[in-house]
Every structure is written in C-alpha cells, then in structure tokens.
Amino acid sequence: MSEDDLVITFIPALITLLVAAERSKASPLTEAEVLEIRDNGVCMMLKRSDRDAVAERRGYADLDAGQIWEQWRAVRTQLNE
C-alpha cells in the first residue's frame, strides 16, 4: 500500500454520524440502522496520506466501512464506560 493510494473517506466521519444518530434516537442503533447510515453517508476518495492527516487533526481514526457493525459495537461500549 502506498500513501498515494486512494481510499474511501466519509465526510463527516462515520463515527460522528453514528454517535449523532444514536443520541437522536435515544437508544442503541440496530445493525440495520448502522448499515443504512453507512450506505447513505457522503464520502470521497482521498489519498491515504491525506485521509491520515485528516484523522490526525480531528484526533481519532474513523471506523472501517467494511467492518462498521463490529467496530461500532466496540466503540459504543467504550463511549458508554
């Protein structure tokens, strides 16, 4: 993998969308809801190095869209501790 490889980058970050949706719903998101948010999220292609720079500025890496449900469950648990 090269730093110049293009990668899908969600704008805003998927984790931001999921946190906002769960707060709005006031209960845990279902897997179907998480997948729907991912599938309807706005994304663009960025160079890997640019995506990493964005994550560094914001202070956290985004979730992997291909493993969104598993990662969301893990992050959600950490956020609620």
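Look up: the structure comes first, before these words.
Residue numbers here run from 1 along each chain, matching the order of that chain's written sequence. Totals for whole chains, interfaces and linings use all residues, but because this is a predicted model, local features are given only for residues with pLDDT of at least 70 and pairs of side-chain atoms are given and counted only at 80 or more. To obtain the side-chain values, all non-hydrogen atoms of the structure were used and water was disregarded.

Peer 1: Tell me what's going on with helix H1 (residues 14-25), and back it up with residues and numbers.
Peer 2: A run of H or I in DSSP counts as a helix once it spans at least four residues, and a run of E counts as a strand once it spans at least two, with each numbered from the N terminus. The span you would expect from a helix comes to 1.5 Å times its residue count less one. With twelve residues, H1 extends 16 Å from end C-alpha to end C-alpha; this agrees with the ideal 16 Å at 1.5 Å per step. Among all positions in H1, only Leu14, Ile15, Leu18, Val19 and Glu22 are buried. The arc that holds the buried residues of H1, viewed along the axis, is 130°, so those residues lie on one side. Residues of H1 that are exposed and angled more than 90 degrees away from the buried face: Arg23 and Ser24. Pairs of residues are marked as contacts when any of their non-hydrogen atoms sit within 4.5 Å. Residues of H1 that are buried in the fold lie against strand E1 (6-10), helix H2 (31-40) and helix H4 (68-79). Trailing H1 by a residue or two, Ala26 shows a phi angle of about 65°, which is positive. Relative accessibility thresholds used throughout: buried, under 20% of the residue-type maximum; exposed, over 50%; partly exposed, between the two (1.4 Å probe, protein chains only). What the arc describes is the spread of directions from the helix axis to the C-beta atoms.

Peer 1: Any details on the packing of H1 against H2? Residues and values, ideally.
Peer 2: A packed helix pair is summarised by two numbers, namely the angle formed by the two axes and the spacing between the axes. Where H1 contacts H2, the axes come no closer than 10 Å and their chain directions differ by 130°. Considered as vectors, H1 and H2 are oriented oblique to each other. As H1 runs across H2, the sense of the crossing is right-handed. Along its contact with H1, which presents Leu14, Leu17, Leu18, Ala21 and Lys25, the element H2 presents Glu33, Val34, Ile37 and Arg38. Lys, Arg, Asp and Glu make up the charged group, whereas Ala, Val, Leu, Ile, Met, Phe, Trp, Tyr, Cys and Pro make up the nonpolar group; the residues left over, Gly among them, are polar. Its residues assigned to classes, the contact of H1 with H2 comprises six nonpolar, no polar and three charged. Axes here refer to lines fitted to C-alpha atoms; in helices the fit is confined to the stretch in contact. Angles between the N-to-C directions go from 0 to 180 degrees. Angular relationships are summarised with four words: roughly parallel below 35 degrees, roughly antiparallel beyond 145, roughly perpendicular across 65 to 115, and oblique for the angles in between. By convention the crossing between two helices is left-handed if the near helix lies anticlockwise of the far one by an angle smaller than a right angle, and right-handed if it lies clockwise.

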